[in-house]
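Observations on the three-dimensional arrangement
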Amino acid sequence: MKIEITHLTITDYFDLKESMLDAYTAWGAYWRDHQIEHLLKIFPEGQLCIKVDDKLVGAALSLIVDYKNLGDNHTYKDATGNYSFSSHDPYGDVLYGIEIFIRPEHRGLRLGRRLYDARKEMCEKLNLRAIIAGARLPRYAEHAQALTPKAYIEKVKQKELYDPTLTFQLSNEFHVRKIMKGYMPGDAESMEYAALIEWINIYYEPKHKWLEKKTDVRLGLIQWQMRPFKNFESLCEQIEFFIDAASGYKSDFILFPEFFHAPLMAEYNDITEAEAIRGLAKYTEPLKNKFAEWAISYNVNIITGSFPDLREGKLYNIGYLCHRNGKVEEYQKLHITSGERESWGMVGGDVLKTYDTDCGKIGILICYDVEFPELSRLLADDGMDILFVPFLTDTQNAYIRVRHCAQARAVENECFVAIAGSVGNLPKVNNMDIQYAQSAVFTPSDFAFPTNGVKAETTPNTEMTLIVDVDLILLKELNHKGAVTNLKDRRKDLYRLESLKKPAVSVSNLEFAVA
């Protein structure tokens, strides 16, 4: 007999499903493939399985949670983020066991103990202070007439009674922390009771403050004045002026607007608009290199706005996230307006993703993309804290569309949203002659945030820099204890949003599935 403990992969899914159905015959419950796929995406190292002769016969699934937000009075639904795993926090302090099982025909081989030993080793390696889980009491209903839950647990502890779940947990060095009522509604065997169990990691070392993720984040938004530039060098001089100014205030991020370098199209004003925007594309690579250098030399993460990019005959609208550690990542505009399509022949990209930074996980949507709520919801499901929106609008009504949609994204996704646009006129550049903007940082709408959901905003149609501090801890508290909790309260039993293109998301491949 060959026994192996390994990390779960999506190719194990069908064996996992079959094993769960065997293990939970009374429930008929199992995790769906899209749920396991998401779990593996956010915390792959936390998902363990055990195989006998290369056949999966059991698994232990886990999340990391910030236990002060979850607390002792929670349900299984709370612990799993309404079964969406939104409760997972890579910067949390506790490993929460959401699943452990062995197929009935392989019980008695102490395979469950092996899984728990591997889970404990993982807890120690990740320097988490404890493993916590809710232990069902599947034999309690048989004794409920004679025993209270407390008395039942005591008899199990004293080995006067045997409970297949709790006896196993206690033998693996767990202790009962408290009794929970209503932990898993519908669990008739346990009369909906569960024991909150805990294993303490004696090797845990409290994290030093300087090692933790930065939670007080400073944003620098550039409301750019469109003006003629003699050449590329004079444009770069103005860009560097703003980066120098914003970094001088110790900004963690600087956000530039969409197509803010449009004045360089003046040299192409004697040709068609479609040809002119393709001429502008020659500056994209040099600007990318310049921004990458500035991000390092000024020690700031820069969202570069956006630039046209010509690839294999197709014209895209793209930008770059230039990390202060030298890393450069690309983002793309996915939805193209009719004006961009008809005047420039532009096409939409197909990359949607979150970006891990030294100040949390961020998302970036270019202008029109923020008007499609599916995109930001996918980013929120992937743990986004701040959404950045570089935009370019010519009229006030166009701006209002971007503003109101961006503010809605902050509320529905419990995140901060920063928008930055350009102002002024360009009389010698076709299709870019007027601009209207009021850059701003929006917040969720709850007691810890401004009553109007606006953290700060610029004076409309005036060149300026907006420096704003946001506190990511407030988002975590809102997610768990807000007056309303939009992300947690979604009816996953009725509907779900999923991407059909992996690992990036194609706009044409978004599906809103209704049960």
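Now for a description of the structure that goes with this document. As the structure is a prediction and not an experimental result, all values here were calculated from the model. (Residues numbered from 1 in each chain as written. Predicted model: local features only at pLDDT ≥ 70, side-chain atom pairs only at ≥ 80, totals over all residues. Heavy atoms only, no water.)

**Some details on the state of the cysteines**
The cut-off we apply is this: Criterion for a disulfide: a pair of cysteine sulfur atoms at a distance within 2.5 Å. Relative accessible area decides the class of each residue, using a 1.4 Å probe on protein chains only: under 20% of the type maximum gives buried, over 50% gives exposed, and in between gives partly exposed.
This structure, assessed with the given rule, holds 0 disulfides. We note that Cys-123 lacks a disulfide partner, and the nearest cysteine sulfur, in Cys-49, lies 20 Å from it. Cysteine Cys-367 remains unbridged, with the sulfur of Cys-405 as its closest cysteine sulfur at 10 Å. Look at Cys-367 and you get buried, because its relative accessible area is 7%.

**Here's the deal with the side chain of Asn-201**
Formally: Numbering of helices and strands starts at the N terminus; helices are DSSP runs of H or I of at least 4 residues and strands are runs of E of at least 2. Under this definition, polar contacts are N or O atom pairs within 3.5 Å; protein pairs additionally need one hydrogen-donor-capable and one acceptor-capable atom, and for neighbouring residues in sequence, both atoms have to be side-chain atoms. Between two residues, a contact is recorded if the distance between any of their heavy atoms is within 4.5 Å.
By the secondary structure assignment, Asn-201 is in the loop between strand S7 (193-200) and strand S8 (216-225). The class of Asn-201 is buried, set by a relative accessible area of 3%. In terms of polar contacts, Asn-201 uses its side chain to reach the backbone carbonyl oxygen of Leu-128, at 2.8 Å. Apart from the residues lying within four places of it in its own chain, the contact partners of Asn-201 are Cys-123, Glu-124, Leu-128, Arg-129 and Ala-130.

**Regarding the sheet that holds S7**
Keep this limit in mind: At least two bridges found by DSSP between two strands is the condition for calling them paired. The angle between two axes is taken between their N-to-C directions and runs from 0 to 180 degrees, where each axis is a line fitted to C-alpha atoms and a helix contributes only its stretch in contact.
Spatial ordering of the open sheet is given by S1-S2-S3-S4-S5-S7-S6, a layout of 7 strands whose pairing is mixed. Looking at strand neighbours, the two that pair on one side only are strand S1 (3-7) and strand S6 (175-181), the edges of this open sheet. Averaged over all pairs of adjacent strands, the angle between strand axes in this sheet comes to 25°, irrespective of strand direction. Both S1 and strand S2 (residues 48-52) contribute to a ladder of 5 bridges, which runs antiparallel. Within the sheet, the bridge partner assigned to Ile-3 lies in S2 and is Val-52. Relative to the sheet, helix H1 (residues 13-23) contacts strand S3 (55-65) and strand S4 (94-102), its axis offset from that of S3 by approximately 90°. Sheet strands in contact with helix H7 (residues 149-157) are S6 and S7, and its direction is about 155° off that of S6.

**Considerations on the pairing of strand S18 (residues 422-425)**
In this structure, S8 lies alongside S18, joined through 2 bridges in parallel fashion. Bridging from a neighbouring strand, Gln-225 pairs with Val-423 of S18. As judged from the 2 bridges shared by S18 and strand S19 (residues 434-435), these two strands associate in the antiparallel manner. Its bridge partner lying in S19, Asn-425 is registered against Ile-434.

**With respect to helix H11 (residues 284-297)**
Put simply, the rule is: One less than the residue count of a helix, multiplied by 1.5 Å, gives the span that helix is expected to have. Here the arc refers to the set of directions running from the helix axis out to each C-beta atom.
Between its first and last C-alpha atoms H11 spans 20 Å; for 14 residues at 1.5 Å apiece the expected length is 20 Å, and the two agree. Inspection of H11 places Thr-284, Leu-287, Phe-291, Ala-292, Trp-294 and Ala-295 among the buried residues, and these make up the whole buried set. One side of H11 holds all its buried residues, which, seen down the axis, span an arc of 165°. Buried residues in H11 make contact with helix H9 (232-248), helix H10 (273-280), strand S10 (301-303), strand S11 (307-311), strand S12 (314-322) and strand S13 (328-332). Among the residues trailing H11, Asn-299 stands out with phi positive, at a value near 55°.

**Considerations on the pairing of S11**
Two faces belong to every sheet, and in a regular strand the side chains alternate between them. Looking at chain direction, S11 and S12 are connected through 5 bridges and run antiparallel. Residue pairing for S12: Leu-310 is matched across the bridge by Leu-315.

**Brief notes about the sheet that holds strand S15 (residues 360-364)**
The 6 strands lie next to each other as S14-S15-S16-S17-S20-S21, forming an open sheet whose pairing is mixed. Looking along the sheet, the strands with just one partner apiece sit at the ends: strand S14 (355-357) and strand S21 (454-457). Averaged over all pairs of adjacent strands, the angle between strand axes in this sheet comes to 20°, irrespective of strand direction.

**Focus: the packing of aromatic side chains**
Under the convention used in this document: A pair of aromatic rings is counted whenever rings of Phe, Tyr or Trp (Trp by its six-membered ring) have centres within 6.5 Å, and the orientation is called stacked for planes under 30 degrees apart, edge-to-face for over 60 and tilted otherwise. Any Lys NZ or Arg CZ found within 6 Å of a ring centre and within 35 degrees of that ring's normal is scored as a charge over the ring.
Taken as a whole and judged by the stated rule, the model has 28 aromatic pairs. Taking NZ or CZ as reference, Arg-32 lies 4.1 Å from the ring centre of Tyr-30, over its face. The aromatic ring of Tyr-193 is capped on one face by Lys-181, whose charged end is 4.5 Å from the ring centroid.

**Structural notes on the pattern of salt bridges**
The test is simple: By definition, a salt bridge exists where a carboxyl oxygen of Asp or Glu is found within 4 Å of a side-chain nitrogen of Lys or Arg.
Scanning the model with the defined rule gives 37 salt bridges in all. Residues Asp-356 and Lys-361 are paired through a salt bridge, measuring 3.9 Å at the closest nitrogen-oxygen approach. Within this structure, Asp-15, Glu-18, Asp-22, Lys-55, Arg-103 and Glu-105 form a network of salt bridges that share partners.

**Focus on the packing of H9 against H11**
So the rule is basically this: For classification purposes, an angle smaller than 35 degrees is called roughly parallel, one larger than 145 roughly antiparallel, one from 65 to 115 roughly perpendicular, and anything else oblique. Helix crossings get a hand from a simple test, with the near helix turned counterclockwise from the far one by less than a right angle marking a left-handed crossing and a clockwise turn marking a right-handed one. For this classification, Asp, Glu, Lys and Arg are treated as charged, while Ala, Val, Leu, Ile, Met, Phe, Trp, Tyr, Cys and Pro are nonpolar and the rest, including Gly, are polar.
With their axes 12 Å apart at the nearest point, H9 and H11 run at an angle of 30° to one another. As the angle between them shows, H9 and H11 are arranged roughly parallel. The two elements H9 and H11 cross, and the hand of that crossing is right-handed. In this structure, H9 uses Phe-232, Leu-235, Cys-236, Ile-239, Glu-240 and Ile-243 to contact H11, whose residues at the interface are Pro-286, Leu-287, Lys-290, Phe-291 and Trp-294. Residue classes in the contact of H9 with H11 are distributed as 9 nonpolar, no polar and 2 charged.

**Considering the environment of Lys-77**
Checked against the element boundaries, Lys-77 lands in helix H4 (residues 76-79). Look at Lys-77 and you get partly exposed, because its relative accessible area is 41%. The spacing of Lys-77 and Leu-63 is 14 residues in sequence and 13 Å in space, taken between C-alpha atoms. Sequence-distant contacts of Lys-77, that is, excluding residues within four places in its chain, are made with Asn-82 and Tyr-83.

**Focus: the environment of Val-423**
With respect to the secondary-structure elements, Val-423 resides in strand S18. The spacing of Val-423 and Cys-367 is 56 residues in sequence and 15 Å in space, taken between C-alpha atoms. Discounting chain neighbours no more than four positions away, the residues touching Val-423 are Gln-223, Trp-224, Gln-225, Met-226, Gln-435, Ala-437, Asn-461, Thr-462 and Glu-463.

**A look at the side chain of Glu-99**
Defined as follows: Charge counting follows a simple rule: Lys and Arg are positive, Asp and Glu are negative, and His as well as the terminal groups are ignored.
With respect to the secondary-structure elements, Glu-99 resides in strand S4. One buried charge, Glu-99, has no salt-bridge partner; the nearest side chain with opposite charge is Arg-119, at 8.3 Å. Here Tyr-24 takes part through its side chain, which lies 2.5 Å from a polar atom of the side chain of Glu-99. Residues in contact with Glu-99, not counting those within four places in the same chain, are Met-20, Tyr-24, Trp-31, Ala-59, Ala-60, Leu-61, Tyr-76 and Arg-119.

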